[in-house]
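As a plain string of letters, each chain reads:
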Amino acid sequence: MRFFGIDCEFARLDAPLPIFRARVDAVQWQDLARSVVEIHGQLVSLWGADHRAAGGGFEVSAAYRCADGLLWAYLALDTVQPRYPDIAHLFPAANRMQRAARDLVGFVADGSGDDRPWLRHDAWPEDYFPLRNENTGQERFDPAAADYAFVRVEGDGVHEIPVGPVHAGIIEPGHFRFSVVGEKVLRLEQRLGYKHKGIERRFVGMTVDEGARLAGRVSGDSTVAYAWAYAMAVESLSAAQVPERACWLRALLLERERIANHLGDLGALGNDAAFGMALAQFSRLREDWLRVNAKCFGHRLLMDQIRPGGVVSDPPRDARQMLREQTAVMISAVSELQSIFDEHAGLQDRLVTTGRITPDLARKLGLTGLAARASGGVADLRADFGWAPYGHIRFKPCSQQNGDVAARVNIRFAELFESLRLSDALLDELPHGPIHAPTVAPANTKGAGWVEGWRGEVLVALETDAVGAISRCHCHDPSWQNWPVLEHAVIGNIVADFPLINKSFNLSYAGQDL
Amino acid sequence: MTFSGLVSQLLEIVLALAFAPLLTGWVNQWRAWLQNRSAPGLLQPYRLLHKLFNKDSVVAETASPIFRIAPYIVFACMALVCGIAPTLSTDLPLAPAADAIALVGLFALARVFISLAAMDIGTSFGTLGARREMLVGFLAEPALLMVLFSASLITQSTSLANIVESLAHAPFAIYPSLAVAGVAFTFVSLAENARIPVDNPATHLELTMIHEALILEYSGRHLALIEWAASLKLFAYSCIGLALFFPWGIANADTPLVMILAVPVLVAKLAVGGMLLALIETINAKMRLFRVPEFLATAFLLAVIALLVHVLLGA
């Protein structure tokens, strides 16, 4: 298949969503990026791979979302001086991905103008690249203290407030540098990467079955989304047919994960406005929800439930009744809380107009997932590409226009109700049959999985080596695109509102630090 | 100075020091109950104080003596405030030493020192907290003064003991000016005691806090004194509010025996007051920081209206 009149043939992968892959040259690399911008497509991910051990070379890959699906273009690079044309001037979200690719594999984006490290925190030297074949990732280096060049804001009365990476509460580490005048935020700059654990390096050499457990641990709150995306990638390698019942159960797990996270976020958002009653109520509901998860699926957060080829277990016989009763209770409890949220003037005053991202800005910056749908976006993989079982159960995507914290609260309520409805519908129409089909990973193949997690689209790109073990597995979290947008959402707001704005996005540190 | 006066004065200070944390524990308990949570024990604040007094104090290298003495000054100010506020009896030997204006001054003194101490360390959060504390303070203090003045106008005295004595023993009448001033006083108390909707005493989100940001660098016995002082402040504000607006049951100079009755009356009034505070904190969310000036301006305006009502209606 050809796209945008570019002279290269895209081959469709054997995935349930339309994912196309093609090799491009440097000119086509740029043409493709420009064409995607023209049709208002988005950059999903950018990463590098080293195939020299398998007789190949360096390859940089970019994945774009457009109306036809996911376009995965890869460009072979020189092995001595691996350089590729910069695309950050077209997609602002590419900036950090390009810097990460430089830190991990040493590929340089020509003309990006930003050569600061992103994931490398002085734990390894500038000329060492953990994802290159000759390195094991086990090397030890003396930490060298280097200064990170934050952008300085100059002016009368401007001062900086550094926050983190160690915070007063128990949250993940990240550094936030605010430049403020009084209470007003002029600029926020993030410094992430404190949770870099070398997950992508750890994948190398694992069998695809072992990799499933690791993929489920990239970001704990999205374990189902990652496990499904990974399983989809493995299945696309071998064109494995996943039994229908397994697909339905996977969707049930994904929706239950979404509901648990939305419940937690809504409570935390209320708490950030010092509305403690919301936290207490939503925490109680979430806890009930997780306990039923443990009873029906054996794990509170649903870890290790999905494996390549299907799912691990069928819920016990009485589970269906229990799940259905719980959704009914949940619908009435959440409706009640929603009306409290809606009618609480003090709370609404905190939420409305706070941290606004206009639909126009959201499009320009490449906002994705839940946050994009709160800013007028409609993209939702479940609706757009309707893979099994979403194509069968009339999924209705939700959208809000205002793009403020209130909109992100409302979209969570809307998605909560839709997911509760979906989980009932999935149970109603649960097909009979096996829940697992054996899969084998063929040698030297490439596959990808793409799933709408609760935060946004999760992408897993998988490549196998000569014996069918993993040679490269790239896990992409939607937080990559959304973190930079948070910097814009805070501008012009007051410092004291930052926790609320941050929580309304609730982005993953672990998922982007890898 | 009479013997009974000395007894009541001592009793007042001892009661305040001993039972102020109990009021904090009571409010926290009701907050938890109203949110459907299981509550911490009533004695939790005492356990906290005990723990903190037994811990070492860590002081930053850059700290000047101001940082070290601030907790003692703040604590002393609050203890003195509890001494001059007529909670049990109006026959207080310390009362002539400080009137309503001095009371506001004592609160201001404590505020200045805790803010100086917060800036002394040089961290961005301390400065942030100090700035916000001053924003709250410069609006809350005039409002508090106006509230006390409208009570003074009714009784023709700025001495708290005299005000309360005349109010408590005046023939029962409804003063519209006092009703309006009572609302203003409630607003000011919420702001001054770092309660919702102005500040959140339970928060640990470093960017939103006011009072917690000021004391972020304190630990050990310093922190214990500040926590204790915060309890005393809440206790003092509650007692002043009760004495001004619900003065019944307070003993006066001539009836020392009523003192014995005054203690259970005070406890009952504080218990109800604590419940109401917890209720206010449960049904409200925290307002945006730039709404705080509006909130306190409203309090000031209400206090001025109370004065005008008194001047115009004479009641």
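Predicted, not measured: the structure shown is a model, and the values here were computed from it. (Residues numbered from 1 in each chain as written. Chains lettered and ligands numbered in written order. Predicted model: local features only at pLDDT ≥ 70, side-chain atom pairs only at ≥ 80, totals over all residues.)

### Observations regarding the overall build of chain A
To be explicit about the condition: In this text, helices come from DSSP runs of H or I with a minimum length of four residues, and strands from runs of E with a minimum of two, each type numbered from the N-terminal end. All radius of gyration figures rest on C-alpha atoms, and the globule criterion is 2.2 Å times the number of residues raised to 0.38. Once C-beta atoms are placed from the backbone, each residue is buried if 20 or more other C-beta atoms lie within 10 Å of its own, exposed if 12 or fewer, and partly exposed for counts between those two. Residues are defined as contacting one another if the C-beta atoms placed from their backbone atoms lie within 7 Å.
Per the secondary structure count, chain A includes 16 helices and 15 strands. Scaling as 2.2 N^0.38, a compact globule of 514 residues should have a C-alpha radius of gyration of about 24 Å, and chain A matches this with 22 Å. When the backbone C-alpha atoms are referred to their principal axes, chain A occupies close to 70 × 65 × 45 Å. Looking at chain A residue by residue over its 514 residues, the buried ones come to 52%. Within chain A, residue pairs in contact and separated by at least 24 positions form 67% of the contacts whose partners lie at least 6 positions apart.

### A look at the pairing of strand β5 (residues 69-77) of chain A
Residues and elements named next belong to chain A. Our working definition: A pair of strands is considered paired only if DSSP assigns at least 2 bridges between the two.
Taking burial as the measure, the 9 residues of β5 include 8 buried ones, the bulk of the element. Here strand β2 (residues 19-24) pairs with β5 via 6 bridges, running parallel. Across the sheet, V24 pairs through a bridge with L75, a residue of β5. Counting the residues between successive antiparallel strands, the hairpin from strand β4 (residues 58-66) to β5 contains 2 residues.

### Description of the sheet that holds strand β13 (residues 446-452) of chain A
Residues and elements named next belong to chain A. As a reminder, the rule being used: Structural elements are reduced to axes, namely lines fitted to C-alpha atoms, with helices fitted over the stretch in contact, and the angle between N-to-C directions of any two is expressed from 0 to 180 degrees.
Here we have 3 strands laid out as an open sheet, ordered β13-β14-β15, and antiparallel in their pairing. Each of the sheet's edge strands pairs with one partner strand only, and the pair in question is β13 and β15 (470-476). Adjacent strand axes in the sheet meet at a mean angle of 10°, parallel and antiparallel pairs treated alike. Strand direction decides the pairing type here: strand β14 (residues 457-464) and β15, joined by 6 bridges, are antiparallel.

### A closer look at the interface of chain B and chain A
Defined as follows: Note on residue classes: Ala, Val, Leu, Ile, Met, Phe, Trp, Tyr, Cys and Pro are nonpolar, Asp, Glu, Lys and Arg are charged, and everything else, Gly too, is polar.
Residue-level contacts link 22 residues of chain B with 26 residues of chain A. When grouped by side-chain class, the residues that make up the side of chain B that touches chain A number 9 nonpolar, 9 polar and 4 charged.

### Quick word on the nonpolar core
Threshold: Each nonpolar core reported here comprises buried Ala, Val, Leu, Ile, Met, Phe, Trp, Tyr and Cys residues connected via C-beta atoms within 7 Å.
A229(A), A448(A), V460(A), A143(B) and A184(B) are the most contacted members of the largest nonpolar core, which has 256 residues in total. Residue contributions to this core peak at 17 residues, all from helix α9 (residues 220-245) of chain B. Apart from residues no more than four positions distant in its own chain, A229(A) is found in contact with G449(A), W450(A), V451(A), V458(A), L459(A) and V460(A).

### Observations regarding the packing of helix α3 (residues 65-84) of chain B against α9(B)
How two helices pack is summed up by the angle between their axes together with the distance between the axes. All names here are of chain B. Operational definition: Here the word oblique covers every angle except those under 35 degrees (roughly parallel), over 145 (roughly antiparallel) and from 65 to 115 (roughly perpendicular). Should the near helix be turned counterclockwise from the far one by less than a right angle, the crossing is left-handed, whereas a clockwise turn marks it as right-handed.
Viewed as axis vectors pointing N to C, α3 and α9 meet at an angle of 25°, and their least axial separation amounts to 9 Å. On the basis of the axis angle, α3 is roughly parallel to α9. In terms of crossing hand, the pair formed by α3 and α9 is left-handed. Contacts from P71, Y72, V74, F75, M78, A79, V81 and C82 in α3 reach H222, L225, I226, W228, A229, L232, K233, F235 and A236 in α9. A per-class count over the contact of α3 with α9 returns 15 nonpolar, 1 polar and 1 charged.

### Some details on the UniProt feature "domain: NADH:ubiquinone oxidoreductase 30kDa subunit" (unreviewed entry) in chain A
Our working definition: UniProt positions are given in the numbering used here, feature names are shortened, and annotations may be inferred rather than shown by experiment.
UniProt records the feature "domain: NADH:ubiquinone oxidoreductase 30kDa subunit" (unreviewed entry) for residues 24-137 of chain A in the present numbering. The distance separating the terminal C-alpha atoms of residues 24-137 of chain A is 30 Å; by composition the span is 22% helix and 30% strand.

### Let's talk about unusual backbone geometry
With an omega dihedral of 0°, the bond running from A388(A) to P389(A) counts as a cis peptide bond. Positionally, P389(A) belongs in the loop between α12 (381-384) and α13 (405-428). Omega for the peptide link from I196(B) to P197(B) comes to 10°, which places this bond in the cis form. Looking at the secondary structure, you find P197(B) in the loop between α7 (176-192) and α8 (211-214). Even without glycine at this site, N506(A) takes up a positive phi of about 40°.

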